[in-house]
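So you can see what is in the structure, the chains are spelled out below.
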Amino acid sequence: MAASGLTFSGLVAQQKDKNSTTFVQPKSIIELNTGNTTQSKSYQNQVTDNESLFKTYLKLAKGNTHVLIETETDALGFTHEKCKQVYRGVDVEYGVATISRKNGRAVSIHGEYYNVNNVAIQPTITTNQALQKAIARVGAKKYLWEDAIASKNSGYSKPKGKLLILPDLSSKNTQGAVTRFNLSYLFDIQATSPDIYADVYVDAHTGAILWYMNKMMHAHAHAKNMMSTTCSTTATIGNTSI
């Protein structure tokens, strides 16, 4: 997977989903039949109702659940319930799905869904061991957390790491379903010599670097692209530029 500021190396698959040959990847946008009898008549227990919809339409393997993290209502009166995907208590990176409702009735589901299965969720290496792997990958001379004043002013501290499940996006089958997943630690690494702002994913079993994302480089590329887009959309009508 090639992108500015992103590199994949040493993607180590823990276990291949045994249901990968039978699981059908849902569409990113699923329009629901508002008259579907599978929807509960009472919406008092919102989380339970959402979970029943996810089970009915996504059909993910056992252990996958969704947790409500945000609700908002738009100008048209639609309520959007944003949920994060969790596998046996561990967050699934990129796994976010939203249920949209009108007058209490679910009308659509949209987002990213991953059929996580057979992933060992107990790490083999410690957070500190994983952090040392991440630091070695970054290879900076000085890190922001080593400067007490700068660290305090920026509200940044030595990263503790977040345990999550990282989908291996290169393992999609012919139906578009990801078939391999890695338990990993995510570290937000900020260095001052040289200036580095990166996310580093470390395999929680092997210590391999699964993904290194230079967010500073990525942000610069995005800004450059935005400037290019702005300039390219400049047009002239008569003697007036818009």
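Residues numbered from 1 in each chain as written. Predicted model: local features only at pLDDT ≥ 70, side-chain atom pairs only at ≥ 80, totals over all residues. Heavy atoms only, no water.

## Notes on the pattern of salt bridges
- Counted according to the given criterion, the structure contains seven salt bridges.
- Linking arginine 101 and aspartate 49 is a salt bridge whose minimum nitrogen-to-oxygen distance equals 2.8 Å. You can see arginine 101 sitting in strand 6 (residues 90-102) and its partner aspartate 49 sitting in helix 1 (residues 46-58), a full 52 residues away along the chain.
- By relative accessible area, which is 5% here, arginine 101 ends up buried.
- Look at aspartate 49 and you get buried, because its relative accessible area is 2%.
- For arginine 101, the salt bridge identified is with glutamate 81, shortest N-O distance 3.0 Å. Highlighted residues: arginine 101 in strand 6 and glutamate 81 in strand 5 (residues 78-87), separated in sequence by 20 residues. With respect to burial, arginine 101 and glutamate 81 carry one shared label: buried.
- Look at the salt bridges and you will find they share partners, linking Asp49, Glu81 and Arg101 into a network. (Salt bridge = Lys/Arg side-chain N within 4 Å of Asp/Glu carboxyl O. Helix = DSSP H or I, 4+ residues; strand = E, 2+ residues; numbered from the N terminus. Buried < 20%, exposed > 50% of the residue type's maximum accessible area, 1.4 Å probe, protein only.)

## Some remarks on the pairing of strand 11 (residues 195-203)
- For strand 11, the buried fraction is high: seven of the nine residues fall into the buried class.
- Sheet topology note: the strand 10 (residues 180-193)/strand 11 ladder contains nine bridges and is antiparallel. When the bridges of strand 11 are listed, aspartate 188 appears paired with aspartate 199.
- Remark: one residue form the turn of the hairpin made by strand 10 and strand 11, two consecutive strands paired antiparallel. (Pairing = 2+ DSSP bridges.)

## Comments concerning unusual backbone geometry
- A cis geometry characterises the amide bond from serine 193 onward to proline 194, with omega recorded as -5°.
- Here proline 194 is to be found in the loop between strand 10 and strand 11.
- Of note in this structure, arginine 88 is not a glycine but carries a positive phi near 50°.
- Of note, arginine 88 is situated in the loop between strand 5 and strand 6.
- Although it is not a glycine, tyrosine 94 sits at a positive phi angle of roughly 75°.
- With respect to the helices, strands and loops of the structure, tyrosine 94 is situated in strand 6.
- With relative accessibility at 26%, the residue tyrosine 94 sits in the partly exposed group.

## Quick word on the environment of aspartate 203
- Its location among the elements puts aspartate 203 in strand 11.
- Given a relative accessible area of 0%, aspartate 203 falls into the buried group.
- Remark: the alpha-carbon pair of aspartate 203 and leucine 183, spanning 20 residues in sequence, is separated by 6.1 Å.
- Here the side chain of aspartate 203 touches histidine 205 through a polar contact of 2.7 Å, landing on its backbone nitrogen. (Polar contact = N/O pair within 3.5 Å; in protein donor to acceptor, adjacent residues only side chain to side chain.)

## Side note on the pairing of strand 12 (residues 209-214)
- Within strand 12, six of the six residues are buried, which leaves the element mostly enclosed by the surrounding structure.
- For strand 11 and strand 12, the ladder comprises five bridges, and the chain directions are antiparallel. Note that in strand 12 the partner of valine 200 across the bridge is tyrosine 212.
- Here strand 11 hands over to strand 12 after five residues, with glycine 207 in that stretch at a positive phi of 85°.

## Things to note about helix 2 (residues 127-138)
- The terminal C-alpha atoms of helix 2, which comprises twelve residues, lie 16 Å apart, in line with the 16 Å expected from a rise of 1.5 Å per residue.
- Those residues of helix 2 not exposed but buried are Ala130, Leu131, Ala134, Ile135 and Val138. Taken around the axis of helix 2, the buried residues stretch over an arc of 145°, which confines them to a single face.
- Those residues of helix 2 that are buried are in contact with strand 8 (142-143), strand 10, strand 11 and strand 12.
- After helix 2 finishes, the residue glycine 139 shows a positive phi value of roughly 70°. (Expected span 1.5 Å × (residues − 1). Arc of directions from axis to C-beta. Contact = heavy atoms within 4.5 Å.)

## A word on the confidence of the model for the chain
- Taken as a whole, the chain shows an average pLDDT of 82; of its residues, 74% reach a score of 70 or greater.
- Throughout residues 40-48 the model reports pLDDT below 50, and contacts reaching past four residues in sequence, or to other chains, amount to nine contacts. (pLDDT = per-residue confidence, 0-100.)

## Notes on the packing of aromatic side chains
- One pass over the full model with this rule turns up five aromatic pairs.
- With a centroid separation of 5.4 Å and an interplanar angle of 15°, the aromatic rings of tyrosine 201 and tryptophan 211 are classed as stacked. Remark: tryptophan 211 occurs in strand 12 and tyrosine 201 occurs in strand 11; sequence separation between them is ten residues. As far as the burial class goes, tyrosine 201 and tryptophan 211 line up, both buried.
- Grouped by ring-pair contacts, the aromatic residues Tyr94, Tyr201 and Trp211 constitute a single cluster.
- The cationic tip of lysine 102 hangs over the ring face of phenylalanine 78; the distance from NZ or CZ to the ring centre is 4.9 Å. (Phe/Tyr/Trp six-rings, centres within 6.5 Å; stacked < 30°, edge-to-face > 60°. Lys NZ or Arg CZ within 6 Å of the ring centre and 35° of its normal.)

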